[in-house]
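# Inside the fold
Below, each chain spelled out in residue letters.
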Amino acid sequence: THRPDVTSIFGALNPALDKIHSVERKAQSGMNWLLTQPASFLPQLFTRALQELRNNEHTKNLRVQIGIPFIGSAKALKKWFFLMGISPETHLEAGFLLESFERAERDGRLTFFADTWTRNCLEWALSLAGGDGVHYMPHALNERTAWILIDARGWQHSTGMDILLASKQTLIDWQIRY
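Sequence order as written defines residue numbering, which begins from 1 separately in each chain. Per-residue local features of the predicted model are confined to residues with pLDDT of at least 70, and side-chain atom pairs are confined, for both listing and counting, to 80 or more; whole-chain, interface and lining totals are unaffected and use all residues. Note that water and hydrogens are dropped before the side-chain values are worked out from all heavy atoms of the structure.

As a further point, take the packing of aromatic side chains. In this description, a pair of aromatic rings is defined by centroid distance and the angle of the planes. In summary, the pairing rule links any two rings of Phe, Tyr or Trp, Trp by its six-membered ring, whose centres are within 6.5 Å, and it sorts them by plane angle into stacked for under 30 degrees, edge-to-face for over 60 and tilted for everything else. Following the criterion strictly, the structure yields 7 aromatic pairs and no others. Their ring planes at 55 degrees and their centres at 6.5 Å tell us that Phe 41 and Trp 80 sit as a pair that is tilted. A residue pair is termed long-range when its members are at least 10 positions apart, and Phe 41 in the loop between strand S2 (33-38) and helix H2 (43-55) and Trp 80 in helix H3 (residues 74-84) qualify at 39 residues. With respect to class, Phe 41 is no different from Trp 80; both count as buried. Between Phe 41 and Phe 81, the aromatic rings sit 5.3 Å apart at their centres with planes inclined by 90 degrees, giving edge-to-face as the arrangement. Of this pair, Phe 41 sits in the loop between S2 and H2 while Phe 81 sits in helix H3, and the two are 40 residues apart along the sequence. Of the two residues examined, Phe 41 and Phe 81, each falls in the buried class. Feature note: the residues Phe 41, Trp 80, Phe 81, Phe 101, Phe 113 and Trp 117 constitute an aromatic cluster, connected by ring pairs. Our definition puts a charge over a ring when NZ of Lys or CZ of Arg is within 6 Å of the ring centre and also within 35 degrees of the ring normal. Sitting above the plane of the Trp 33 ring, Arg 63 keeps its charged end 4.3 Å from the centroid. The helix count covers DSSP runs of H or I at least four residues long, the strand count covers runs of E at least two residues long, and both are numbered beginning at the N terminus. Burial classes follow relative accessibility: with a 1.4 Å probe on protein chains only, a residue under 20% of its type's maximum area counts as buried, one over 50% as exposed, and anything between as partly exposed.

Have a look at this one:
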């Protein structure tokens, strides 16, 4: 359980690359709060990783904030795949997602598709057993991404989970360009 009077030491988990033993080492070194890389690209893999964390003696009490990005284009999705070491050719879920974004772009329904996908991912992440909240990562906080967040906060209120917001400055610092 999180105590506000205790200093939090954050660590990261990339479910596509990291193994449980690397998270164990971080936890044994004092990490008590875990931010994940985007979980929504490989949901089955992420769910298994989250179950492993909760079943492991050294990691079961970590606070876990589940990373959910706002993806506005196939190009942005490819950038995230590159950053996370995900190959759409070898990860079928990722390949299907990329095809879906490309098809939505060709059909002229990208905005609707991207917004709906992001909203669904936020709700999925907030409903996962074993998660403590969501780390929402829009490329910019504007009216479009804010409404998705407001919708998710209604869901958040019913689940009692936290939503952390990545700032635009953080994304600039990472030099992510969309």
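What follows deals with the environment of Leu 126. With respect to the helices and strands, Leu 126 occurs in helix H5 (residues 110-127). Residue classification places Leu 126 among the buried positions, given a relative accessible area of 2%. In this structure the C-alpha to C-alpha distance between Leu 126 and Ile 66, which are 60 residues apart in sequence, comes to 8.3 Å.

The alternating pattern of strand S1 (residues 10-13) places Gly 11 and Leu 13 on a buried face, while none of Phe 10 and Ala 12, on the opposite face, is buried. Relative to S2, S1 is paired through 4 bridges, and the arrangement is parallel. Pairing of Leu 13 across the sheet is with Thr 36, part of S2. With the strands aimed away from the viewer, a crossover counts as right-handed if its path from the first strand over the helix to the second runs clockwise. Handedness of the S1-helix H1 (residues 20-28)-S2 crossover: right-handed. Two strands pair under a simple rule: DSSP has to find at least two bridges between them.

Distances and angles like these do not, on their own, reveal function.
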